[in-house]
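Given next are the chains, with one letter for each unit.
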Amino acid sequence: MTENPPPGLPADPTPGQRARHGELAAGLAAVEQRIATACAAAGRPRDEVTLVVVTKTYPASDVRLLSGLGVTDVAENRDQDAAPKAVECRDLPLSWHFVGQLQTNKVRSVLGYADRVHSVDRLRLVEALSAGVLKTGRAALGCLIQVDLGGDSDAGEFAGGRGGALPGAVPELADALEAAPGLRLDGVMAVAPLLGRFAGNPRAAFDRLAEIASRVREAHPAATMVSAGMSGDLEQAIAAGATHVRVGTAVLGARPPLG
Ligand SMILES: *Cc1c(COP(=O)(O)O)cnc(C)c1O
């Protein structure tokens, strides 16, 4: 039941555009199937989980094709790549998520296109984001606290190397976000750690994140988002209660090396 041309393709697509459209459609279908199967296995309705497609390193033309294929949420992790792409795609009905480590000198640019930032991990960043929203007069920014589960040990805590606040710092950050003008506390985010006691065990890591999320919700009931799971571990994340999975490679293919 394909239309001619399918949505997202220009009126007179080149063979290359048609081929890429087919690849993305196949990648999306495979990921949709994995999400549906994981939801069923966990006894969760499919609509509890939102697919956020991580388009980092891929061109705006791919974002446009994905939007035509029904994708509603895209994520980027580097402002210098994301900002021009978001401008090229501003006519599309997309929600933009920023998921990378964010330096305060990039805040102003990110606030130009991001609907949500998943990687809030320090008070200084909360202050910068809040001040930026007030200065630009934009709509409130949805914020998730990124939790560093690689540093989740009792003594001698160390950074897991993938960004985020240590679990002990989460309550204070949540309170600060809730109080900050222009910001909205939406929930928590994590990446399965490469180090520490959860290394190699994403399910245990995501269970820990779920615990942290429920503690945050006790104080801040509207903070219902749990952003967890990528191409390699989305099933474990959905089993542990993730509401948002962030998937790049499994939809778009292996990323070209960073320039
Ligand atoms: C790149 C990235 C993803 C997606 O990773 P894949 O393995 O390509 O699915 C998810 N979350 C964050 C924070 C990322 O940087």
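Caption draft 1: Structural context of the overall build of the protein chain. Across its full length, the protein chain holds nine helices and eight strands. Rg of the C-alpha trace for the protein chain: 18 Å, near the compact-globule value of 18 Å for 259 residues, within the 12% margin. Looking at the protein chain as a whole, 49% of its 259 residues are labelled buried. Nonlocal contacts in the protein chain, meaning residues at least 24 apart in sequence, comprise 59% of its contacts between residues at least 6 apart. Surface summary for the protein chain: the accessible area is close to 11,700 Å², and the carbon and sulfur share equals 54%. A distance of 3 Å separates the average location of the 26 positive side-chain charges in the protein chain from that of its 29 negative side-chain charges.

Caption draft 2: Local environment of the environment of Asp115. Topologically, Asp115 is positioned in the loop between helix H4 (107-110) and strand E4 (116-120). Distance in space between the C-alpha atoms of Asp115 and Cys143 is 8.9 Å, their sequence separation being 28 residues. Those residues in contact with Asp115 that lie beyond four places of it in its chain are Leu94, Ser95, Trp96, Arg138, Leu141 and Gly142. At a separation of 2.7 Å, a polar atom in the side chain of Asp115 contacts the main-chain amide nitrogen of Trp96.

About the criteria used
- Position numbers for residues count from 1 along each chain, tracking the sequence in the order it is written.
- For this predicted model, a pLDDT threshold of at least 70 governs which residues receive local features, and a threshold of 80 or more governs which side-chain atom pairs are given and counted, while totals over whole chains, interfaces and linings are taken from all residues.
- Excluding hydrogens and water, the side-chain values take into account all heavy atoms of the structure.
- Note on conventions: DSSP H or I runs of at least 4 residues are helices, E runs of at least 2 residues are strands, and numbering of each starts at the N terminus.
- In this description the radius of gyration comes from C-alpha coordinates, and the expected globular size is given by 2.2 Å times residues to the power 0.38.
- Three labels apply to residues, based on accessible area from a 1.4 Å probe with only protein chains included: buried if under 20% of the type maximum, exposed if over 50%, partly exposed otherwise in between.
- By definition, residues are in contact when any of their heavy atoms lie within 4.5 Å.
- In short, Shrake-Rupley with a 1.4 Å probe defines the accessible areas, and a residue's cover is counted only from the protein chains shown.
- We score Asp and Glu as negative and Lys and Arg as positive, and we do not count His or the chain ends.
- Where a charge lies is defined by one atom per residue type, namely NZ (Lys), CZ (Arg), CG (Asp) and CD (Glu).
- Under the rule applied, a polar contact is a pair of N or O atoms within 3.5 Å (in protein, one hydrogen donor and one hydrogen acceptor; residues adjacent in sequence only if both atoms are side-chain atoms).

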